[in-house]
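# Report on the structure
Read off the chains here:
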Amino acid sequence: MNNRLIFLGTGNAFVTRCFNTCFILESDGKRLMVDAGGGNGILRQMEDAGISFASIHDLYLTHAHTDHVMGAVWVVRKVTSLMSQGKYEGVLHIYGHERVLRVLLTMCEMMLPGKFLKMIGERVLTVEVKDGEHFDAAGMHLVAFDIHSTKEKQFGFTATLPDGTRVACLGDEPFNALCRDYVASADWLLSEAFCLYDAREVFKPYEKHHSTALDTGRLAKELGVRHLVMYHTEDKTLASRKENYSKEAAREFDGEIFVPDDLEVIFF
């Protein structure tokens, strides 16, 4: 198996018992980091995962919420530090829509030392992507798409790996039917599932514009995908999360279901 999903974090914005949702999609040894969590906890997660920042040359940012983009400032700081020490080869490409890149660059300009900041535009390159745009990153072919969020502009993506496997990432909000053509029949569907449907009165997912595990299982069935991964959850039920979320989604979806813990790796 030449493909891996490495989950650096699996929780929603306010978790304290796990890290915010971010992950690495790896194929044939090349790595695409997707989001970076909400702070310097990304440094610990990468260390615990045994992954060097020197191996990260492509970062995709879905949107500018704090729990997704603030960790990217630390990624830039770490990578530029390695560059200044001669310990990083090549360039870091950061992909995203105009707003998320503008937010990231503004934070970097305000927070990073000049010796690191001067590398942005030289060896740290931001790449604006448009809705429906095709591009290549980390040896994969990606298509970015607007998820039509009502809260914050957000882009998901579909990645076609060298072996033809299609991985669709919906970001961290419920699926919009306008995105169907991008993700239908994907081999892997990565989707948020804020809590169990049976716990909806406790966690109020719909008020926060999120889904339940049952909703996500139903969606996976409707889209005809083969494998479902659920993340961006609450953190009050971590001990039972894997079992109970899987069981609830399986009431609607008969494909393979994964509810990863932080630092868990899925090989495929």
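Just above, that's the structure.
Treat the numbers as computed from the prediction; the structure is a model and nothing was measured. Along each chain, numbering runs from 1 in the same order as the chain's sequence is written. Totals for whole chains, interfaces and linings use every residue, but because this is a predicted model, local features are given only for residues with pLDDT of at least 70 and side-chain atom pairs only at 80 or more, for both listing and counting. For side-chain calculations, the full set of non-hydrogen atoms in the structure is used, while hydrogens and water are omitted.

### Some points on the packing of aromatic side chains
Between rings of Phe, Tyr and Trp, where Trp is taken as its six-membered ring, a pair exists when centres lie within 6.5 Å; planes separated by under 30 degrees are stacked, by over 60 edge-to-face, and by other angles tilted. For the coordinates displayed, the defined rule picks out nine aromatic pairs. Relative to Phe258, the ring of Trp188 lies with its centre 5.2 Å away and its plane at 35°, an arrangement referred to as tilted. You can see Trp188 sitting in strand β11 (residues 188-192) and its partner Phe258 sitting in strand β13 (residues 256-258), a full 70 residues away along the chain. Summarising the burial analysis for this pair, Trp188 and Phe258 share the class buried. For a lysine, the NZ atom is tested; for an arginine, the CZ atom; a charge sits over a ring if that atom is within 6 Å of the ring centre and within 35 degrees of the ring normal. A cation sits over an aromatic face here: Arg200 above Tyr197, 3.8 Å from the ring centre. Each helix is a run of DSSP H or I of at least 4 residues and each strand a run of E of at least 2, with the numbering of both proceeding from the N terminus. Relative accessibility thresholds used throughout: buried, under 20% of the residue-type maximum; exposed, over 50%; partly exposed, between the two (1.4 Å probe, protein chains only).

### Considering the sheet that holds strand β10 (residues 166-169)
Pairing between strands is defined by DSSP: at least two bridges between the two strands are required. If you walk across this open sheet you meet the seven strands as β7-β8-β9-β10-β11-β12-β13, and the pairing is mixed. Edge positions in the open sheet fall to β7 (134-137) and β13, since each of these has one partner strand only. Ignoring which end each strand starts from, the neighbouring axes of this sheet average 20° apart. Looking at chain direction, strand β8 (residues 140-146) and strand β9 (residues 155-160) are connected through six bridges and run antiparallel. Across the sheet, Val143 pairs through a bridge with Thr158, a residue of β9. Sitting on the sheet, helix α8 (residues 238-249) touches β12 (227-231) and β13, and the angle it makes with β12 is about 130°. Axes here mean lines fitted to C-alpha atoms, for a helix over just the part in contact, with angles spanning 0 to 180 degrees between N-to-C directions. The criterion used for residue contact is that any of the two residues' heavy atoms lie within 4.5 Å.

By themselves, these are just geometric observations and shouldn't be taken as functional.
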